[in-house]
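# Observations on the three-dimensional arrangement
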Amino acid sequence: MSHESNGYPPGDNYLNRTKGFLSWITTLDHKRIGMMYLGSVLFFFLIGGAFAIALRTELLTPKDSVQMPQQYDAKGNPASFPKKFLFEKDTYNKLFTLHGAIMVFLVIIPSIPASLGNFVLPIMLGAKDVAFPRLNLWSYYLYIIGTVCFLITLAVGQLDTGWTFYTPYSSSSANSNTNVIMATMGAFILGFSSIFTGINFLVTIHTMRPAGMTWFRMPLLLWALYATSVIQVLATPVLGITLLMLIVERALQIGIFDPALGGDPVLFQHFFWFYSHPAVYIMIVPGMGVASELISTFSRKTIFGYRQIALSSVGLALIGFLVWGHHLFTSTQSDIANMIFSFLTFFVAIPSAIKVFNWLATLYKGSISFETPMLYGLSFIVIFTIGGLTGLFHATLSTSIPLHDTYFVVAHFHYVMMGSALIAFIGGIFYWWPKMTGKMYNDLLGRIAAVIIFIGFNGTFFPQFVMGSKGMPRRYYNYYAEYQPYHKASTYSSYFMACGFVLAGFTLVQSLVRGRKAPPNPWGGATLEWQTTSPPPTENFYHTPVIDDIPYNYERQTYLGPDKGWKDEHFAHEWDDIVAHQDGLSSTPNGNNNKH
C-alpha cells in the first residue's frame, strides 16, 4: 500500500465541516445523503410498525358477524365475541394496505441501498464520492416527494387496495373510493428515486475504483449492491409504466386492466410481478451483503468462498427476472406456464444455498465474538434459512395452490422481507454506527435488544405458518375461533418484538449523548471504511488508498484496546495520521503529535 499525504484540518469530519439545516439539505456528500435517507427510513419504519401493531391488536379476537356461523370455544361451548375490537373492517383494510405500502416502498427497498449503501459504498470502494453527486441528491429529493404523496394519501382518502394495487379493485372508483391515484403516483416517483440510485452505484463501481481495487478485491457488500442496482435499473421502469397506465385508466376510464372497460386484470399482475419479484431481491440481496461483512468480521476469518458468494449475488439478480409467474399459479395462466415457472423458481435456491453454506463454513473454526452486529448476522442466517426453505412450498405447484392467499404466505414473506432484510439493515446500522457518528453504544443493551427482537419475531410469525397451513386466509378482518390461539400468540409476540426495537433505538440514541468516542476501527474490520477516522472526513480519506491485497485479511491486525481499537499493519503508514486526525491532533513531519 502506498499513499499520498493531503492536508486537512485535524478533527475535521463530514459532520462538522459545515453546519446548519441548509448545509444538509443541499449537500452533495454521499455520507450526509445516506444519513438523511437513514433518518427518513427509520421514521417511516416507526409509522409502518405502529400500523402493524394496531392490526395485530385488532386480530386478537374474532368478531360476531352475520356472515359468520355460530362460534364455539375450545370446550365446544357456544361463544360470543365483540362486533369489533378497535376499529371497523374498512379501517382494517386501509391500515394493512398502508402498512404494506409504507414498509415496501418507503422502508425496505431504500433501507440498505439508499441509506447504508450511500454511506459506505464509496468508502469501501476507496472513492471520494459517488459518480454523480447531484443525481444522488435528486434521488433523495424524489424519495421525499414520493413520501409526501403517501402522507397525503394517509391524510386524505387513504388506501384500501392492498400494496399490490390489484386491478380491477384499484382501477375503478366504484370498487375503491380511496386515494389510489395519489398513492400510485407516490410509488411511481419513488421508482425514479430507486433508478437514479442504481445508475449512480453502477457507474461508481465501474469507473471510480482506485488503483488495485479489482472486481475480485471488492467487499461482498459492493457485489450485492451492484447486483441490486442492475435489478433497480432494469425492472423498476416496468412498474413505473404499469402504475402510470393504472392512473390513466382510473382517471380517464380507458380500458387497459379493467374487464368492465375491455381490459385484462391478469395483464396487470404479469407487469406488477415482473418488477415485484425481482424487487424481492432488491430488498434481500443487500441484506446478504451486510451479512457477509458481519459474519466475516466477527468470525475473524477470511470469508469462505468469496467468489461464489459474489457471483451468487449476480445469479440471484438474473434468475429473479425469470420467476414472476409463480405468483400467478391460481390465475388464468396455462398449465405449461405454471410448470415452467415452478421449475425455474427452484433455481433461486441454488445461489441462496451457496451463500448460506459459505457463511456457515466461515463460522466453522472461526474466532467468533458475539457483539451486537454479530447477533443480527446470526439471526439473519437462521431467519433467512427458514424463509428460504418455506419458499420451496410456493415453488411447488402441489403445495403452492392450497397455500395460496393463506397466512403461510404472510409468514414466508415476513421471514424473508422483515426477518432477513430488516434484521440485516439493523445489524448494519449497529455495525457502522461508530463510523457514522463517531460514538460507541452500550453493547450489552444492544445485545439484549437483538435477542428480544429475534425471539419476538419468531413468536410473531412462526404461528402464522401453522394457521396458514390449517387454512387461515390472509388479509381477513374476521376469522373462526379455532384460529384465535395462533393470533393471540402472534399478537403478544409482536408486542415483545416492538419492545426490542424500542430498546435498540434507545441504545443508539443514548450513544449520541453518553457514548464514548469510537476509534477508527472498533470491530477489527478489514475493509477500507475502517482505515479512516470515525466519523470520516468529507473526502473520506486523508490519503488516497491503493489496494494490493485481498479483502477480509485479518492476520495483519493488532488489537490495541477498547479506546484505540484495531490497527491494520497493512495500513501502518497512515495509522498515526488517522489517529492524529481522530484525536484532533496535528501530525508533525518527525511523527510527533501536537494538540491542535
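Structure first, text after, so check above.
Model, not experiment: these values are computed from the prediction.

### Some points on the overall build of the protein chain
Of the regular secondary structure elements, the protein chain holds 16 helices and six strands. Its C-alpha radius of gyration of 25 Å places the protein chain within 12% of the 25 Å reference for a compact globule of 596 residues. Principal-axis analysis of the C-alpha atoms places the extent of the protein chain at approximately 85 × 55 × 45 Å. A buried classification covers 59% of the 596 residues belonging to the protein chain. Partitioning the contacts of the protein chain with sequence separation of at least 6, the portion at a separation of at least 24 is 80%. Carbon together with sulfur atoms contributes 67% to the accessible area of the protein chain, which is approximately 23,100 Å² in total. Between the centroid of the 35 positive side chains of the protein chain and the centroid of its 31 negative side chains there is a distance of 4 Å.

### Examining empty space enclosed by the protein
One pass over the full model with this rule turns up five cavities of 30 Å³ or more. By volume, the largest cavity is sized at about 160 Å³. Every residue lining the largest cavity is counted, 16 residues in all, and those nearest its centre are Phe-105, Ile-109, Pro-110, Leu-190 and Ser-194. Elements that contribute at least two residues to the lining of the largest cavity include exactly helix 3 (89-125), helix 5 (180-207) and helix 6 (220-252). When its residues are assigned to classes, the lining of the largest cavity shows 11 nonpolar, five polar and no charged. By volume, the second largest cavity is sized at about 120 Å³. Taken together, 14 residues form the lining of the second largest cavity, with Ala-526, Leu-528, Ile-547, Ile-550 and Pro-551 sitting closest to its centre. Per-class residue counts for the lining of the second largest cavity are nine nonpolar, two polar and three charged.

### Examining the pattern of salt bridges
Enumeration according to the criterion identifies nine salt bridges in this entry. Each member of the salt-bridge network shares a partner with another, and the members are Asp-12, Arg-17 and Glu-539.

### Quick look at a nonpolar patch on the surface
Nonpolar side chains collect at one region of the surface, where Phe-343, Phe-347, Ile-350 and Ile-354 lie side by side and expose about 360 Å² of accessible area between them. Among the secondary structure elements, Phe-347 is positioned in the loop between helix 9 (335-346) and helix 10 (349-363).

### Quick look at the packing of aromatic side chains
Throughout the structure, instances matching the rule amount to 50 aromatic pairs. With a centroid separation of 5.4 Å and 75 degrees between ring planes, the pair formed by Phe-274 and Trp-324 is classed as edge-to-face. With Phe-274 in helix 7 (residues 265-299) and Trp-324 in the loop between helix 8 (306-319) and helix 9, this residue pair connects regions lying 50 residues apart in the sequence. Geometrically, the ring pair formed by Tyr-559 and Trp-566 is tilted, given 5.0 Å between the ring centres and 45 degrees between the ring planes. Of the residues examined, Trp-566 reaches a relative accessible area of 17% and is grouped as buried. Members of the aromatic cluster, joined through ring pairs, are Phe-105, Phe-150, Trp-163, Phe-165, Tyr-166, Phe-257, Phe-268, Phe-271, Phe-272, Trp-273 and Phe-413. The ring of Trp-24 has Arg-32 sitting right over it, with the charged end atom 4.3 Å from the ring centre.

### Examining the side chain of Thr-390
Position of Thr-390 relative to the elements: it lies in helix 11 (residues 372-395). Judged by relative accessible area, Thr-390 falls into the buried class, the value being 10%. Polar side-chain contacts of Thr-390 include one of 2.9 Å to the backbone oxygen of Ile-386. When neighbours within four sequence positions are excluded, Thr-390 is seen to be in contact with Phe-408, His-412 and Phe-465.

### Considering the packing of helix 11 against helix 14 (residues 443-469)
The geometry of helix 11 relative to helix 14 is characterised by a closest axis approach of 9 Å and an angle of 10 degrees between their N-to-C directions. The angle between the axes of helix 11 and helix 14 places the two elements in the roughly parallel class. Across the interface between the two elements, Thr-372, Leu-375, Tyr-376, Ser-379, Val-382, Ile-383, Ile-386 and Thr-390 of helix 11 pack against Asp-443, Gly-446, Arg-447, Ala-449, Ala-450, Val-451, Ile-453, Phe-454, Phe-457, Asn-458 and Phe-465 of helix 14.

### A few points about the layout of surface pockets
As a volume, the second largest pocket reaches approximately 290 Å³. For the lining of the second largest pocket, the residue count by class is nine nonpolar, five polar and four charged.

### A word on the nonpolar core
Phe-105, Val-107, Ile-284, Trp-359, Trp-432 and Met-436 are the most contacted members of the largest nonpolar core, which totals 156 residues. At 22 residues, helix 3 tops the list of elements feeding residues into this core. Discounting chain neighbours no more than four positions away, the residues touching Ile-284 are Phe-380, Phe-384, Val-416, Met-417, Ser-420 and Ala-421.

### Quick look at unusual backbone geometry
Cis geometry is adopted by the peptide bond preceding Pro-168, which originates at Thr-167 and carries an omega value of 5 degrees. Secondary-structure assignment places Pro-168 in the loop between helix 4 (133-155) and helix 5. A cis amide bond links Ser-534 to the next residue, Pro-535, at an omega of -5 degrees. Checked against the element boundaries, Pro-535 lands in the loop between helix 15 (484-514) and strand 3 (557-559). The backbone phi angle of Phe-165 is positive, close to 55 degrees, even though this residue is not glycine. Counting through the fold element by element, Phe-165 comes out in the loop between helix 4 and helix 5.

### Some points on the side chain of Gln-464
One can find Gln-464 in helix 14. Looking at Gln-464, the relative accessible area reads 2%, which means it is buried. Sequence-distant contacts of Gln-464, that is, excluding residues within four places in its chain, are made with Arg-56, Tyr-407, Phe-408, Val-410, Ala-411 and Ser-490.

Rules used in this analysis
- Residues numbered from 1 in each chain as written.
- Predicted model: local features only at pLDDT ≥ 70, side-chain atom pairs only at ≥ 80, totals over all residues.
- Heavy atoms only, no water.
- Helix = DSSP H or I, 4+ residues; strand = E, 2+ residues; numbered from the N terminus.
- Rg over C-alpha atoms; globule rule 2.2 N^0.38 Å.
- Buried < 20%, exposed > 50% of the residue type's maximum accessible area, 1.4 Å probe, protein only.
- Contact = heavy atoms within 4.5 Å.
- Areas by Shrake-Rupley, 256 points an atom, 1.4 Å probe, with all protein chains shown as cover.
- Lys, Arg positive; Asp, Glu negative; His and termini not counted.
- Charge placed at Lys NZ, Arg CZ, Asp CG, Glu CD.
- 1 Å grid on protein atoms, 1.4 Å probe; cavity = no way out; pocket = protein on both sides within 12 Å on 5 of 7 lines; lining within 4 Å.
- Points joined across faces, edges and corners; volume = space filled by probe spheres on them.
- Nonpolar A, V, L, I, M, F, W, Y, C, P; charged D, E, K, R; others polar.
- Salt bridge = Lys/Arg side-chain N within 4 Å of Asp/Glu carboxyl O.
- Patch = residues over 30% accessible without salt bridge, like charges linked within 9 Å, V, L, I, M, F, W, Y side chains within 5 Å.
- Phe/Tyr/Trp six-rings, centres within 6.5 Å; stacked < 30°, edge-to-face > 60°.
- Lys NZ or Arg CZ within 6 Å of the ring centre and 35° of its normal.
- Polar contact = N/O pair within 3.5 Å; in protein donor to acceptor, adjacent residues only side chain to side chain.
- Axes fitted to C-alpha atoms, helices over the stretch in contact; angles between N-to-C directions.
- Parallel < 35°, antiparallel > 145°, perpendicular 65-115°, else oblique.
- Core = buried A, V, L, I, M, F, W, Y, C linked by side-chain atoms within 4.5 Å.

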